[in-house]
Amino acid sequence: MKNKIFKKKICALVLSGAGTMAFAQETVKENSIDEVVVTTGRTKPRTIITSAIPIDNISAVQLKSTGQVTFDKALTYAVPSFNSSQQTVSDATAHFDPADLRGLGPSRTLVLVNNKRKNQSALIYVNDTPGKGEVGTDLKSIPSAALQNVEVLRDGASAQYGSDAIAGVINIILKNSVGKSTVNLFSGITSEGDGFNIGADFNTGIRVAKNGSLNLTLGYSSQNKTNRAGSITKDELFGVDNAWTQAHPGLGMIIGQPETKVANMFVNFELPTSETGKFYAFGGTTYRNGTSYALYRTPYWVASDFGLLTPKGQPYNGFQPEFKTDVYDYNLTSGWKGMLGKWSFDGSATFGSNAVNYVVNTINTSLGANSPTRFKAGGHQFSNIIGNIDINRDFGAVVLGAGVEVRNENYQATAGEEASYIGSGAESFPGLQPQNEINKNRQNIGAYINAEWDVTKNFLVGGTVRYENFSDFGNNVSWKVNARYKLLDDKLVFRGSVSTGFRAPSLHQIYYSNVQTKITGNTVANQGTFNNDSQIVKSDLGVPKLNAEKAFNITGGFAIKPIKNLTITADYYRIKIKDRVLFSGDIGYKTGSPGSPDVTNPVEVILNNNKITSLKFFTNAVNTVTEGVDFVANYTSAIGKGRLGIIAAFNYNETKIVDNIAVPPILAANGYSENFFDRKEQSRIISARPKTKTILSLSYDISKFNFNLNNTYFGSVTWQHATDPAKDQTFSGKVITDIVLTYKITKDLKVSGVVNNLFNIYPDVIDSKGDVVTDLGGRFKYPWEVNQFGFNGTTFQLNVNYTF
């Protein structure tokens, strides 16, 4: 079959687009394979090099070669523009780890599973971490063992997919193979002797009827905590240097990864109903139990635990509040796709849900010796029900498509038990109060039409228009046009796109509240987060109703295949976002106090009249411009008796705040502009993620051995002080080196040794520059608010994989 091109159908009947794909194909010529991707629009499938938009196709093998245990961390070490780092001392955020593309925050990356929209998480990030004030998708609920590959569309795609796809789209493709089963066992530990992890996963593919299939994945894992706290013997935060601090270096702190136990099950089912149609169903459920740690309550901070936590006969030395979460994630899609006449059709229904329940092991000091030591502190839940219909027809040079999506979203907050919030509340995390409970729904409907026209063999143009109507804020129209031109027999391609996008404010941002009511004697005081729909935010302070963020995207670049086994792509992008939703700083008293407000300051009068000491809220207030460049080079070649693979990838990304921050007029007129969204909060947008990130991955297969060497450079990040630029700190860039060595003992049995962070690299140490808040009196040795890659140091892992 020399010089002959043949096409092999590998996914019997799939339709074009997101939520729809076309017949996925491999084009094979002289033993070379051009990968066909499907998240490029709602038209014909294209190869990575001939696509009109930039896209990465990351295989499960490539993800595994990073040596990372979880999906979000593996993607961090495979895609330069994607970032997710372990968070610590941040309540439930430590169990989710905010993740994003292009540093644009978790809210602006759309996640699909088998081309269908995945639900967002129940948690809104309100702690001092990247992504503060935003909601993302729970990527920790996705088991790597269930994945066939991951497609990362690096372009604005709201016109194709609707809300959230401003930075790009991550499309997770589940395994659908049959005829074999795989068991994988793994275990690891850090070079410090902590963070021990162990787990197992099982995947099997079963033939159903004649041509149907069922692929099943089961998994379980657990990890222990790590601790990389500072080693100070003087507490600068409290100004204490005594026998207790000398005897307890680090002040009892636990700062590192949380303890976690995870169990999951995923399925992917297909059953042909005719030669041109099939029924499908897929999804999964993940349960995650975690324990993270709050600031240690020293004996000079909390004077007594009333003998509730200290073992009998031992002196009181303070106590460690533990924050526990139970996270439940469910996702199920079923539908039918096939040919209706000459039209491709895909109709589906999706249910997705994410719930997080909070439990705190601590005491409520206001209850004294009658305090419980374990509190159910409430929880949050988000769910959606989605219906999709997509149609598509190939007219030869022109492909037309259209579709409709209807979606109902629900957001709930549940109060904790009374003991968790009464009086001073549970120490470290007072429970949600009944006044914080919410159960809200939103509906939206979207419709799109699109077309692609091969004007000539080499010149392609395309366009999409989408209309959306949301029940809470109204309408939106997004559009996109793209073009591609091929030269040199498809070896050189120029491509570009221009589009508008939008992101609907999440129900969490509209309705989340955590108002704590404190009663001292005859005095009632409220503080915390008030939702955008509350009387004081909406009417008294005049904060507008949350509206959609609007985006304008430009992408342009080229792809070239100069020699047979080398592919190079480079793309420039510019994303302007208007009216980004932000989480404000504390608005409180300036010169007056509760009960004695400054009557010349209407803000203080409003706070006093509502018995509020301070408040935060969500509002549309920031415009940003993000510019960057993506570069990817992929080379494979036979070297000696083995095969060499090289991947070099680079991302430069810079976000700037443009225009003035839209401070509500009453706050701006009364001196609250600086603390409404201060320098520290701004740095979470502009400098909390590396501006540059480079990945160099080398793999070599020979005989029974496979060797992977991965070097990832994380560029510098900058933490900005809230008010004093002289106390800013830039944490320098670092290279993390990972090695994976695999040996095939038999055809079906292989063992792998992994060393992550071979050279035991840590971030720069915090320089507080005399400000005790910067490192909380020395408790934090390494940065946590702008963390690049975590601070576990070197990790060793062993994997055993058996296929039968």
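Anyway, here's the lowdown on the structure attached to this text. Quantities reported herein were computed from a predicted structural model and do not represent experimental measurements.

Cut-offs applied
- Residues numbered from 1 in each chain as written.
- Predicted model: local features only at pLDDT ≥ 70, side-chain atom pairs only at ≥ 80, totals over all residues.
- Heavy atoms only, no water.
- Helix = DSSP H or I, 4+ residues; strand = E, 2+ residues; numbered from the N terminus.
- Rg over C-alpha atoms; globule rule 2.2 N^0.38 Å.
- Buried < 20%, exposed > 50% of the residue type's maximum accessible area, 1.4 Å probe, protein only.
- Contact = heavy atoms within 4.5 Å.
- Patch = residues over 30% accessible without salt bridge, like charges linked within 9 Å, V, L, I, M, F, W, Y side chains within 5 Å.
- Areas by Shrake-Rupley, 256 points an atom, 1.4 Å probe, with all protein chains shown as cover.
- Salt bridge = Lys/Arg side-chain N within 4 Å of Asp/Glu carboxyl O.
- Lys, Arg positive; Asp, Glu negative; His and termini not counted.
- Charge placed at Lys NZ, Arg CZ, Asp CG, Glu CD.
- Phe/Tyr/Trp six-rings, centres within 6.5 Å; stacked < 30°, edge-to-face > 60°.
- Arc of directions from axis to C-beta.
- 1 Å grid on protein atoms, 1.4 Å probe; cavity = no way out; pocket = protein on both sides within 12 Å on 5 of 7 lines; lining within 4 Å.
- Points joined across faces, edges and corners; volume = space filled by probe spheres on them.
- Nonpolar A, V, L, I, M, F, W, Y, C, P; charged D, E, K, R; others polar.
- Polar contact = N/O pair within 3.5 Å; in protein donor to acceptor, adjacent residues only side chain to side chain.
- Pairing = 2+ DSSP bridges.

So, the overall build of the protein chain
Across its full length, the protein chain holds eleven helices and 40 strands. Rg of the C-alpha trace for the protein chain: 27 Å, near the compact-globule value of 28 Å for 804 residues, within the 12% margin. Taking the principal axes of the C-alpha coordinates as reference, the protein chain spans close to 85 × 60 × 50 Å. Residues counted as buried form 57% of the 804 residues belonging to the protein chain. Considering only intrachain contacts with a sequence separation of at least 6, the fraction spanning at least 24 residues in the protein chain is 69%.

As for a positive patch on the surface
Positive charge collects at one region of the surface, where Lys64, Lys180, Lys744 and Lys750 lie side by side. Here Lys750 lies in strand β39 (residues 749-756). On the basis of relative accessible area, Lys750 is assigned to the partly exposed category, the value being 31%.

What about the packing of aromatic side chains?
Under the counting rule described, the total for this entry stands at 25 aromatic pairs. Between Tyr287 and Tyr328, the ring centres sit 5.0 Å apart and the planes meet at 40°, which makes this aromatic pair tilted. Pair noted here: Tyr287 is in strand β17 (residues 277-293) and Tyr328 is in strand β18 (residues 322-340), with a separation of 41 residues, a long-range link. Under the relative-accessibility criterion, Tyr328 is labelled partly exposed at 28%. Pairing Phe583 with Phe618 gives two aromatic rings, centres 4.6 Å apart and planes at 20°, and the pair type is stacked. Of the two residues, Phe583 is situated in strand β29 (residues 566-583) and Phe618 in strand β32 (residues 618-639); the sequence distance between them amounts to 35 residues.

Points about the side chain of Ser141
Along the chain, Ser141 falls in the loop between β10 (116-117) and β11 (147-153). A relative accessible area of 1% means that Ser141 is categorised as buried. Here Ser141 is in contact with Lys118, Phe266, Thr286, Arg288 and Asp329, once residues within four sequence places are set aside.

Some thoughts on the environment of Ala146
Of note, Ala146 is situated in the loop between β10 and β11. Through-space distance from the C-alpha of Ala146 to that of Phe266 is 6.7 Å; in sequence the pair is 120 residues apart. The residues contacting Ala146, other than those within four sequence positions of it, are Ile173, Leu174, Lys175, Thr217 and Phe266.

Overview of the environment of Phe618
For Phe618, a relative accessible area of 0% puts it in the buried group. Phe618 sits 175 residues away from Gln443 along the chain, and the two C-alpha atoms are 21 Å apart. If we skip the residues at most four places from it in the chain, Phe618 touches Ile124, Gly133, Gln509, Tyr512, Thr529, Asn532, Val543, Leu546, Val581, Leu582 and Phe583.

Some thoughts on a nonpolar patch on the surface
Nonpolar side chains collect at one region of the surface, where Ile449, Val465, Tyr467, Val477, Trp479, Val481, Phe552 and Ile554 lie side by side and expose about 690 Å² of accessible area between them. Of all elements in the fold, only β23 (459-470), β24 (474-487) and β28 (549-563) reach the threshold of two or more residues within the nonpolar patch. The element contributing the most residues to the nonpolar patch is β24, with three residues. Within the secondary structure, Tyr467 sits in strand β23.

Focus on helix α8 (residues 602-609)
Within α8, burial applies to Val603, Glu604, Ile606 and Leu607. Seen along its axis, α8 keeps its buried residues to an arc of 160°; they face one direction. At its buried positions, α8 is contacted by α7 (535-540), β30 (587-588), β31 (612-616) and α9 (665-668). Lys611 sits one or two residues past α8 and shows a positive phi near 55°.

Observations concerning empty space enclosed by the protein
Over the atoms, a rolled probe matching the size of one water molecule traces out where space is still vacant. On inspection of all chains with the given rule, the structure shows 13 cavities of 30 Å³ or more. For the lining of the largest cavity, the secondary structure elements donating two or more residues are β29 and α11 (679-686). Looking at the lining of the largest cavity, its residues break down into eight nonpolar, three polar and eight charged. One number sums up the size of the second largest cavity: a volume of about 170 Å³. With three residues, the top contributor of residues to the lining of the second largest cavity is strand β9 (residues 109-113). Looking at the lining of the second largest cavity residue by residue, the classes come out as seven nonpolar, nine polar and six charged.

A look at α11
Every buried residue belonging to α11 is among Lys680, Glu681, Ser683, Arg684 and Ile685, and all of these are buried. Tucked into the core, α11 has its buried residues touching β29, β32, β33 (642-658) and β36 (717-719). The N-capping residue of α11, defined by a side-chain oxygen 3.1 Å from the backbone nitrogen of Lys680, is Asp678.

Remarks on the sheet that holds strand β6 (residues 55-59)
Paired through backbone hydrogen bonds, the strands of a sheet run either parallel or antiparallel to each other. One open sheet accounts for five strands, arranged β6-β11-β12-β9-β10; its pairing is mixed. Either end of the sheet is taken by a strand with one partner, and the two such strands are β6 and β10. Where β9 and β10 come together, two bridges link them in antiparallel fashion. Directly across from Val113, in β10, lies its bridge partner Lys116.

Focus on the pairing of strand β19 (residues 343-361)
Among the 19 residues in β19, 15 count as buried, and that is most of the element. The pairing of β18 with β19 spans 19 bridges and is classified as antiparallel. Following the sheet pairing, Thr333 is matched in β19 by Thr350. Turn length for the β18-β19 hairpin, with the two strands adjacent in sequence and antiparallel, is two residues, and the turn residue Gly341 shows positive phi of about 70°. Bridge count between β19 and strand β20 (residues 374-394): 18 bridges; the pairing is antiparallel. Paired with Phe351 across the bridge in β20 is Ile385.

Thoughts on the environment of Asp128
In this structure, Asp128 sits in the loop between β10 and β11. For the pair Asp128 and Gly290, spaced 162 residues apart in sequence, the C-alpha to C-alpha distance is 19 Å. Once residues lying within four places of it in the same chain are set aside, the contact partners of Asp128 are Lys680, Glu681, Arg684, Trp784 and Glu785. Side chain to side chain, Asp128 and Lys132 meet in a polar contact 2.8 Å long. Within the local environment of Asp128, its side chain forms a polar contact with the side chain of Arg684, the two groups lying 3.1 Å apart.

What about the pairing of strand β21 (residues 398-414)?
Successive side chains on a regular strand alternate, one facing one side of the sheet and the next facing the other. Two elements, β20 and β21, share 16 bridges in a ladder whose sense is antiparallel. Along β21, the bridge assignment pairs His380 with Ala413. Alignment of β21 against strand β22 (residues 438-454), held across 16 bridges, turns out to be antiparallel. Opposite Tyr411, over in β22, you have Lys440 as the bridge partner.

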